[in-house]
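Survey of secondary and tertiary structure
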Amino acid sequence: MAEALVIKGLSKRFGGLRAVQDVSFSVQENETVALIGPNGAGKTTSFHLITGFHRPDAGSVLAFGKEIVGLRPHDICAFGLARTFQVAKPFGAMTVLANVMTGAFLRDRHVAAAREKALEAIEFVGLGAREQTAAKDLTTIDQRRLEMARALATEPRILLLDEVMAGLNPAEIDQAVALVRKLSQRGLTIVIVEHVMRAIMAVARHIVVLDHGQKIAEGAPKEIVENPEVIRAYLGSGYVHAPATGGAHA
Ligand SMILES: Nc1ncnc2c1ncn2[C@@H]1O[C@H](COP(=O)(O)OP(=O)(O)OP(=O)(O)O)[C@@H](O)[C@H]1O
């Protein structure tokens, strides 16, 4: 498998705070990699750095062999990296279809083509019956579906999902897991930030753990949940059998 994303020495300070410190990891094509860690560990900042919303102080991000540090978010998206946001940012008054078309317009200037592509993405994420619903009237899981459809409509090769399971009930988490798997089966390379550990275990082939901006571990899910450093920093010793408090959700 070829490397879709190679991150080397990524660093970002906010004043005196080292939000991301010398973080390196790689993602193979069509692999799903999870980025986990406690609140404030630097996961979302890493997404901002990869997708051009923040410029790193140091480090490199190669996407399919091309350096993308320094490119604007729009150009990074056009290069094939799409993302969702931790706090969903739909255009509330606009319909689901109109929202997803804003993604599709990245590649298709023609309304009919953009509409067709948007409808395909809406159907794919399971929002087929809601295309004319205003985004603000969607349930939480449907808002997450909308975020994914909007990203998908930009025709990404790499999809970065930021806490798409937050606030979902257990049945909805199962649906979201199924959708992430379906996205992977479509051939996408996925990087997912998530606190819901059972979802991570169900979708990720590889896990990278951040703590205080630094990578403290990476490896296969089974290794990670047994790693003493990860248990200390994030999971807590009882997570496998009982929901952890304050950190990962079982
Ligand atoms: N724009 C900013 N200006 C100043 N500090 C910031 C900024 N963005 C993030 N930070 C700080 O950087 C650190 C890392 O934040 P980040 O949002 O990346 O963490 P996270 O791992 O995504 O956490 P969570 O799980 O809570 O979303 C935190 O201490 C945060 O307060």
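From a predicted model like this one, the values you see are computed outputs, not experimental measurements. (Residues numbered from 1 in each chain as written. Predicted model: local features only at pLDDT ≥ 70, side-chain atom pairs only at ≥ 80, totals over all residues.)

**Thoughts on the overall build of the protein**
Along the protein, the regular secondary structure elements total nine helices and ten strands. Computed over C-alpha atoms, the radius of gyration of the protein comes to 18 Å, within 12% of the 18 Å expected from 2.2 N^0.38 for 250 residues, which places it in the range of a compact globule. Along the first, second and third principal axes, the C-alpha set of the protein runs to 55 × 40 × 40 Å. Within the protein, buried positions represent 42% of all 250 residues. Looking at the protein alone, contacts between residues at least 24 apart form 63% of all its contacts between residues at least 6 apart. (Helix = DSSP H or I, 4+ residues; strand = E, 2+ residues; numbered from the N terminus. Rg over C-alpha atoms; globule rule 2.2 N^0.38 Å. Buried ≥ 20, exposed ≤ 12 C-beta atoms within 10 Å, placed from the backbone. Contact = placed C-beta atoms within 7 Å.)

**Side note on helix α3 (residues 96-104)**
All buried positions along α3 are accounted for by Val96, Asn99, Val100, Met101, Gly103 and Ala104. Summarising the contacts, the buried residues of α3 are in contact with α4 (111-124) and α5 (140-152).

**Side note on the pairing of strand β3 (residues 32-36)**
With five of five residues buried, β3 lies mostly within the body of the structure. Alternating positions in β3 separate into two faces, Thr32, Ala34 and Ile36 on one and Val33 and Leu35 on the other, with burial throughout. Pairing of β3 with strand β8 (residues 189-193), which is carried by four bridges, proceeds in the parallel orientation. Its bridge partner lying in β8, valine 33 is registered against valine 191. In terms of strand pairing, β3 meets strand β9 (residues 206-211) through four bridges, oriented parallel. (Pairing = 2+ DSSP bridges.)

**Things to note about the pairing of β8**
Taking burial as the measure, the five residues of β8 include five buried ones, the bulk of the element. Covered by surrounding structure in β8 are Thr189, Val191 and Val193 together with Ile190 and Ile192, the residues of both alternating faces. Two strands pair when backbone bridges link them, and strand β7 (residues 158-162) and β8 are joined in this way by five bridges, in the parallel orientation. Residue pairing in the sheet places leucine 161 in a bridge with isoleucine 192 of β8.

**Brief notes about the domain arrangement of the protein**
Looking at the protein, the domain boundaries give domain 1 (1-80 + 161-250) and domain 2 (88-155). Summarising the inter-unit geometry, the C-alpha centres of domain 1 and domain 2 are found 24 Å apart. Contact residues are listed per partner, giving nine residues for domain 1 and nine residues for domain 2. Sorting the residues of the side of domain 1 that touches domain 2 by element identifies α2 (73-78) and α6 (170-185) as the ones contributing at least two each. Take the side of domain 1 that touches domain 2: its biggest share by element is four residues, from α6. (Domains from an automatic or database assignment.)

**Quick word on the site of the ligand**
The ligand sits among Phe14, Leu17, Ala19, Gly37, Asn39, Gly40, Ala41, Gly42, Lys43, Thr44, Thr45 and Gln86. Secondary structure elements with two or more residues in the shell around the ligand: β2 (17-28) and α1 (43-50). With three residues, the single largest contributor to the shell around the ligand is α1. Its residues assigned to classes, the shell around the ligand comprises four nonpolar, seven polar and one charged. (Near = placed C-beta within 6 Å. Nonpolar A, V, L, I, M, F, W, Y, C, P; charged D, E, K, R; others polar.)

**Points about α1**
Counting buried positions along α1 gives eight out of eight residues, so the element sits mostly inside the fold. Among the residues of α1, those classed as buried are Lys43, Thr44, Thr45, Ser46, Phe47, His48, Leu49 and Ile50. Immediately beyond the C-terminal end of α1, within one or two residues, lies glycine 52, with a positive phi of roughly 85°.

**Let's talk about the packing of α5 against α6**
Following both chains from N to C, one finds α5 and α6 inclined at 15°, their axes separated by 11 Å at the closest point. In this view, α5 runs roughly parallel relative to α6, as classed from their interaxial angle. Where α5 crosses over α6, the handedness of that crossing is right-handed. Residues Ile141, Arg144 and Met148 of α5 form the contact with α6, whose own contacting residues are Glu172, Gln175, Ala176 and Leu179. Looking at the contact of α5 with α6 residue by residue, the class counts come to four nonpolar, one polar and two charged. (Axes fitted to C-alpha atoms, helices over the stretch in contact; angles between N-to-C directions. Parallel < 35°, antiparallel > 145°, perpendicular 65-115°, else oblique. Left-handed = near helix turned anticlockwise from the far one by under 90°.)

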